[in-house]
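So you can see what is in the structure, the chains are spelled out below.
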Amino acid sequence: MTMLQGDNAWWWPFVFIALAGWLPTDLWRWAGVALGGRLDETSRWLVLVRCIATALVAAVIGNLVVHPQGPLATLPVAVRIGALAAGFAVYLATGKRMIFGILAAEAALVMGMVATAT
Amino acid sequence: MRECYARIMSSAFPREPVQTDEPTGSAGRWFLRGARTALSLPGLILCGAFIGFGAIARDTGLSLAEAMFMTAIIWALPAQIVLLGAMASGASLPAAAIAVTLTSVRLMPMVVAIVPEMRTGRTRRWVLYLLSHFVAVTSWVLAMERFRDVPRERRTAFYGGIGSTLIAAMLVVLVIVYGTAAALPPLAAAALVFLTPAYFLFSLWSSARERASHGAMLGGMALGPVLHPVLPGFDLLAAGLIAGFAAFAFHVLTSRAEGGR
């Protein structure tokens, strides 16, 4: 915990956050503007980029459910996946109404939590 | 019957007003519409995620000012969590920067995808560079979903409204989290954290432009967790590239079969 406690100057964490957090993050965003500025909206390459971006976010979703950190990690993996699947089924069945999907997923999660706790 | 049901539901949960009959309206007005779009269900769900982040940051020993600075300047939750972990374990600055670089690569294709939708012939370069800072999953998904109802020349103002409102709201959330001492009961905490993947899944599915994106989603969702233990640090990138290219190949093949659109 040398970073957060001890004899560092008060401004050091801010410099650390800026150099190790902000710069590596916004450099990618700026690279995206430089690249995206050259692509036409109807370009076929844009479909590829969109597919990759979508798959990346989907991988984040998968990891949040299968390899979570924090309070979800104590639940069986089957409960987490089952709850998301149940929510997705309800979302599709209700004509893609997000609110119903979320309510169903949460209800399934809570039921799973209660069922596995006993 | 189904139509009636849909109407009742849409009045119970109104979406942002769709005003395609009124082509422009001032930039300020669209900025405010963007702000209002941000203060909706997705914004509420992001609040849940940031309550979680605030709790972790507080437990790690970050001050409120540092947590707020980190949120405003990075504005990408996975990168923030990674940086927090690096700071807590006393990692060196280069090591932390490399870890953040790897989690933030995913933002580049997201920016590449959104920029052509906001740009007009007269859009200034610096506006796009400035707005790119707002690109993170929630604002990106919201914008990709709503842009079709926003006149093209007002999309930058609209996106500016979404992004700045979301950041401001999350800073308020952090102030509140740091101000409350009590920890959440585990059941509530788990339910709150689970909002994020559920919301991401449904909104990403709704915002898909072509069928290939749905394929990319299913592929990425399956590959991410599989690759996570095998390629730590590179799992998201690898899953995105493999599932993205596969879905694109599917798109090229099927659109050719349909007569090459």
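Residues numbered from 1 in each chain as written. Chains lettered and ligands numbered in written order. Predicted model: local features only at pLDDT ≥ 70, side-chain atom pairs only at ≥ 80, totals over all residues. Heavy atoms only, no water.

### Describing the environment of Met87 of chain B
Residues and elements named next belong to chain B.
- Among the secondary structure elements, Met87 is positioned in helix α5 (residues 77-88).
- By relative accessible area, Met87 is classed as buried at 0%.
- Here the alpha-carbon distance between Met87 and Val175, two residues 88 residues apart in the chain, equals 21 Å. (Helix = DSSP H or I, 4+ residues; strand = E, 2+ residues; numbered from the N terminus. Buried < 20%, exposed > 50% of the residue type's maximum accessible area, 1.4 Å probe, protein only.)

### Some details on the domain arrangement of chain B
All names here are of chain B.
- As assigned here, chain B comprises domain 1 (2-207) and domain 2 (210-261).
- Contact residues are listed per partner, giving six residues for domain 1 and eight residues for domain 2.
- Between domain 1 and domain 2, the buried area comes to about 660 Å², and carbon and sulfur atoms account for 86% of it.
- Where domain 1 meets domain 2, there are zero salt bridges.
- The element best represented in the side of domain 1 that touches domain 2 is helix α11 (residues 186-206), accounting for three residues.
- The residue inventory of the side of domain 1 that touches domain 2, partitioned by class, reads five nonpolar, no polar and one charged. (Domains from an automatic or database assignment. Contact = heavy atoms within 4.5 Å. Buried area = accessible area lost by both parts, 1.4 Å probe. Salt bridge = Lys/Arg side-chain N within 4 Å of Asp/Glu carboxyl O. Nonpolar A, V, L, I, M, F, W, Y, C, P; charged D, E, K, R; others polar.)

### Observations concerning empty space enclosed by the protein
- Scanning the model with the defined rule gives two cavities of 30 Å³ or more in all.
- Considering only enclosed or pocket space, the second largest cavity measures out at about 50 Å³ in volume.
- Lining of the second largest cavity is provided by Arg50 and Thr54 of chain A together with Trp140, Met144, Leu204, Ser207, Ala208, Arg209 and Ser213 of chain B.
- Residue composition of the lining of the second largest cavity, grouped by class: four nonpolar, three polar and two charged. (1 Å grid on protein atoms, 1.4 Å probe; cavity = no way out; pocket = protein on both sides within 12 Å on 5 of 7 lines; lining within 4 Å. Points joined across faces, edges and corners; volume = space filled by probe spheres on them.)

### Some thoughts on the domain arrangement of chain A
- Along its sequence, chain A is carved into domain 1 (1-38) and domain 2 (41-117).
- Look at where the C-alpha atoms of domain 1 of chain A and domain 2 of chain A centre, and you get two points 30 Å apart.

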